[in-house]
Amino acid sequence: MKITEVKKINNYTNKLDNDYIKYLENNDVWWITKNRLYINLDNSSDKDIKKILFRLSDMDCNNKSNKTLYLNFNLYETLMKFDHEVYVGELPFDYLKMFSKGKKCGVIESASF
């Protein structure tokens, strides 16, 4: 998956509705190893997903963050409807320099088909 940082959040065209995005967020698992982001996605919608907007913050999700980045994931292989997959992509910045170690928050903000 190709990951790019997004400075301005634009509304995705062909966006999945909010219920499906909430499902994606509640059922995803993500982790970072050696500056690569891994995300396990489960698509319960009846649409194939091609792109994800992901918010990464320097605090756990229950606290207000000082540093937040929005990342656009162009999936190298479309996530087919009613399927799941683990995607891997190199982060476009040095993760440990930017965020250091510790608990972080990652949230799926949007997805498009």
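The coordinates are above.
Position numbers for residues start from 1 in each chain and track the written sequence from start to end. Since the coordinates come from a predicted model, pLDDT governs what is reported: local features require at least 70, and pairs of side-chain atoms require 80 or more to be given and counted, while whole-chain, interface and lining totals use all residues. Only hydrogens and water are removed before side-chain values are computed, so all heavy atoms of the structure are retained for them.

### Some remarks on the overall build of the protein
Moving on, step 1. The way it works is that DSSP assigns letters per residue, a run of H or I at least four long becomes a helix, a run of E at least two long becomes a strand, and they are numbered from the N terminus. In terms of helices and strands, the protein carries two helices and seven strands.
Moving on, step 2. Of the regular secondary structure in the protein, the N- to C-terminal order runs β-α-β-β-β-β-β-α-β.
Moving on, step 3. Radius of gyration: C-alpha atoms only; globule rule: 2.2 Å multiplied by the number of residues to the exponent 0.38. For 113 residues, the compact-globule estimate of 2.2 N^0.38 gives 13 Å, and the C-alpha radius of gyration of the protein, at 13 Å, lies within 12% of that figure.
Moving on, step 4. In terms of overall dimensions, the protein has C-alpha extents of about 40 × 25 × 25 Å along its principal axes.

### Observations regarding the environment of Arg55
Moving on, step 1. Checked against the element boundaries, Arg55 lands in strand β4 (residues 49-57).
Moving on, step 2. Sequence separation between Arg55 and Met98 is 43 residues, and the spatial gap between their C-alpha atoms is 14 Å.
Moving on, step 3. Arg55 has contacts with Thr68, Leu69, Tyr70, Cys105, Gly106, Val107 and Glu109, leaving out every residue within four places of it along the chain. Residue contacts follow a heavy-atom distance rule, with two residues in contact if any of their heavy atoms lie within 4.5 Å.

### Description of the state of the cysteines
Moving on, step 1. Two cysteine sulfur atoms make up a disulfide if the distance between them is within 2.5 Å. Enumeration over the complete set of coordinates arrives at one disulfide.
Moving on, step 2. With a sulfur-sulfur separation of 2.0 Å, Cys61 is cross-linked through a disulfide to Cys105. Residues Cys61 and Cys105 are joined through a disulfide that is right-handed, its torsion about the S-S bond being 100°. One end of the pair, Cys61, is in the loop between β4 and β5 (68-79); the other, Cys105, is in strand β7 (residues 105-112), with 44 residues separating them in the sequence.

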